[in-house]
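One letter stands for each residue in the lines below.
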Amino acid sequence: MRVYETICACATLPGTGAIAVIRVSGDDAIAIADKVVSLRNGRLADVASNSVRFGSVPGIDDVLVSIFRNPHSYTGEDSVEISCHASSYVIEQILFRLIENGARPAGPGEFTQRAFVNGKMDLSQAEAVADMIAAEDASAHRLALNQLKGGVSNEISEMRGKLLDMTSLMELELDFSEEDVEFADRSQLSSLLEEVSAHVKRLKESFRLGNALKNGVPVCIAGAANTGKSTLLNALLQEERAIVSPIAGTTRDSIEETFVIGGIRFRFIDTAGLRETDDTIESMGIERSMDKIAKADIVIAVADCQAASSDVQAQLSLIRERMNGSQNLVVFVNKVDMIPGAGLDPACSDDSGLLVAGPIESVIKETIPEGSPVIYGSAKNGLGTDDLKNILEKIQKDRVSSSRSGDTMVSNVRHYNALCSAWEALKLVRAGLDSGTSTELVARDLRDVLYHLGSITGEISTDEVLGNIFKKFCIGK
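Predicted, not measured: the structure shown is a model, and the values here were computed from it.

Points about the packing of aromatic side chains
The description of two aromatic rings rests on the distance between their centres and on the angle between their planes.
Next up, step 1: Applying the stated rule across the entire model yields 2 aromatic pairs.
Next up, step 2: Between Phe 207 and Tyr 416 the ring centres are 4.4 Å apart and the planes differ by 20°, which places this aromatic pair in the stacked class. Taken together, the residues span a long stretch of sequence, with Phe 207 in helix α8 (residues 207-215) and Tyr 416 in helix α14 (residues 413-435) at a distance of 209 residues.
Next up, step 3: A residue is classified by how much of its surface remains accessible, and Tyr 416, at 26% relative accessible area, is partly exposed.
Next up, step 4: Aromatic side chains Phe 266 and Phe 268 sit 6.2 Å apart centroid to centroid with 25° between the ring planes, which places their arrangement in the stacked category. Here Phe 266 matches Phe 268 in class, with each residue buried.
Next up, step 5: The side chain of Arg 23 reaches across the aromatic face of Phe 111, ending 5.4 Å from its centre.
Next up, step 6: When the ring centre of Trp 423 is taken as reference, the NZ or CZ atom of Lys 204 above it lies at 5.2 Å.

Quick notes on the sheet that holds strand β11 (residues 298-304)
Working definition: the strands of a sheet are paired by backbone hydrogen bonds and lie parallel or antiparallel to each other.
Next up, step 1: Spatial ordering of the open sheet is given by β9-β10-β8-β11-β12-β13, a layout of 6 strands whose pairing is mixed. Strand pairing shows two members of the sheet lacking a second neighbour, β9 (255-261) and β13 (374-376), which therefore form its edges. Shown here is a sheet whose adjacent strand axes are inclined to one another by a mean of 25°, direction ignored.
Next up, step 2: Relative to strand β10 (residues 264-270), strand β8 (residues 217-223) runs parallel, the two sharing 5 bridges. Its bridge partner being in β10, Val 219 is matched across the sheet by Phe 268.

Comments concerning helix α2 (residues 88-100)
Next up, step 1: The first and last C-alpha atoms of α2 sit 18 Å apart over 13 residues, in line with the 18 Å expected at 1.5 Å per residue.
Next up, step 2: Those residues of α2 that sit buried are Val 90, Ile 91, Ile 94, Leu 95 and Leu 98. One side of α2 holds all its buried residues, which, seen down the axis, span an arc of 125°. Residues of α2 that are exposed and point more than 90 degrees away from the buried face comprise Glu 92 and Glu 100.
Next up, step 3: For α2, the elements touching its buried residues are β1 (7-10), β2 (19-25), α1 (29-36), β4 (51-57), β5 (61-68) and β6 (79-85).
Next up, step 4: Phi for Gly 102, located one or two positions after α2, is positive at around 125°.

Quick notes on the sheet that holds β1
Next up, step 1: Taken in spatial order, the 7 strands make up an open sheet running β3-β4-β5-β6-β2-β1-β7, and their pairing is mixed. Two strands lie at the open edges of the sheet, namely β3 (38-39) and β7 (104-105), each paired on one side alone.
Next up, step 2: This element, α2, spans β1, β2, β4, β5, β6 and β7 of the sheet and lies at about 150° to β6.
Next up, step 3: Seen against the sheet, helix α3 (residues 110-117) touches β1, β2 and β7 and runs at an angle of roughly 135° to β1.

As for the pairing of β1
Next up, step 1: Judged by which residues are buried, β1 turns out to be covered on both faces: Ile 7 and Ala 9 on one side and Cys 8 and Cys 10 on the other are all buried.
Next up, step 2: Where β1 and β2 come together, 4 bridges link them in antiparallel fashion. From the neighbouring strand, Ala 9 faces β2, where its bridge partner is Arg 23.
Next up, step 3: Bridge analysis of β1 against β7 gives 2 bridges, and the strand direction is parallel. Along β7, the bridge assignment pairs Cys 8 with Pro 105.

Focus: the side chain of Asp 270
Next up, step 1: Relative to the helices and strands, Asp 270 is located in strand β10.
Next up, step 2: Within the buried core, Asp 270 has no salt-bridge partner, and the shortest N-O distance to an opposite charge, that of Lys 229, equals 5.6 Å.
Next up, step 3: Within the structure, Asp 270 has its side chain in polar contact with the side chain of Ser 230 (distance 2.6 Å).

Things to note about unusual backbone geometry
Next up, step 1: In this chain, Asn 70 is followed by Pro 71 through a cis amide linkage whose omega measures 5°.
Next up, step 2: Positive phi values are uncommon outside glycine, yet Asn 226 reaches one of about 65°.
Next up, step 3: Relative to the helices and strands, Asn 226 is located in the loop between β8 and α9 (229-237).
Next up, step 4: A residue is classified by how much of its surface remains accessible, and Asn 226, at 35% relative accessible area, is partly exposed.
Next up, step 5: Despite not being glycine, Lys 335 shows a phi value in the positive range, around 70°.

Reading the values: the criteria
Residues numbered from 1 in each chain as written. Predicted model: local features only at pLDDT ≥ 70, side-chain atom pairs only at ≥ 80, totals over all residues. Heavy atoms only, no water. Phe/Tyr/Trp six-rings, centres within 6.5 Å; stacked < 30°, edge-to-face > 60°. Helix = DSSP H or I, 4+ residues; strand = E, 2+ residues; numbered from the N terminus. Buried < 20%, exposed > 50% of the residue type's maximum accessible area, 1.4 Å probe, protein only. Lys NZ or Arg CZ within 6 Å of the ring centre and 35° of its normal. Pairing = 2+ DSSP bridges. Axes fitted to C-alpha atoms, helices over the stretch in contact; angles between N-to-C directions. Expected span 1.5 Å × (residues − 1). Arc of directions from axis to C-beta. Contact = heavy atoms within 4.5 Å. Lys, Arg positive; Asp, Glu negative; His and termini not counted. Salt bridge = Lys/Arg side-chain N within 4 Å of Asp/Glu carboxyl O. Polar contact = N/O pair within 3.5 Å; in protein donor to acceptor, adjacent residues only side chain to side chain.

Put into structure tokens, the structure is as follows:
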């Protein structure tokens, strides 16, 4: 990486506001900006760090110039930020003059990559910058902010520090192998392994929830054909996203759409109707439906209130077979508007105010887990959809609060894979200690643990890894 070069780019998206910010960073950033920007008094070279000055780019625009001298800048280098009007022409002309005077265009994520190289942040914090930019709801923002402030980094560094001390003692033993000296207390190492293993396991298991908060909580809408699943999706999104028709089997593949409820982004997945069919394409769609049910955090089982009780029971049982204990089930009994007087006669409501849809009520309660919410409504008329949204919000907030308060959650796939590798290496260390494996081999396995943990924060990294991470950034950041 040519970190000695001075780079420049627009750090804001042109055309999205009245003001644009052009960022310049590198050893010659201030000198180059001095050739482009004229101050009313003096030069940028004489301005103190963390100062703002009014100036102009002659013939182009009046600007505000912010000066940040190393190491007190985002990148850890001398940096200049030029605030100008957000005209595409103005931005192009200022960038052209900067390049003409010695800067070069920055690549995707190059400012953040320099911050990492110059020790302003570790790799997990650098990745959190991209997550902050991409955050579309409050939950994803909080998750990225925690990581940016060092939530993941601090926990990884603490574990690595303890393991590194123990590994160093074990490798010291190898230098005195002929004297049969033991520097590393095996019982202490065993206790440390238990502590680190529990920590790695918790972080690894937090990925499911963290990934859901970052990318949207997966909610699968499942049920028999023609129960109104697509109509319910459209009602939740308040737009005609899925094709609706009275013909059973209209939806043959899953449809995904995101929607924010109470600051939480949900990823709704409308699936093909579950039924027996000879249609090859529809059969493939049904198999995908079953796969989506198994992978969702929340499953909305849609039942037709006019269907036979035995059919409803069979569909709910089929859905439950694909679910595991960590998933939440919500039953939406649809088409209650087809029942004469439903919603008008108080006798049609139970103690909770929910509409009762006939004899299938008892069957549903017998089939689903105790405490699973049941909503009686009409997707076509929007009846019960607000209750459904409130229940989804409550379920997810309860899932988050049930995790230990203040615990760091992992949301990055790369971090998760590294933790899985560290977990497997820890198992080898434990097996080696239990079987009396030589110190040399146990120390090697410990080094593998250190390697995988270090790859998360960038203490151990390769150009290929760095390239893959930063190429996903936007230019200017």
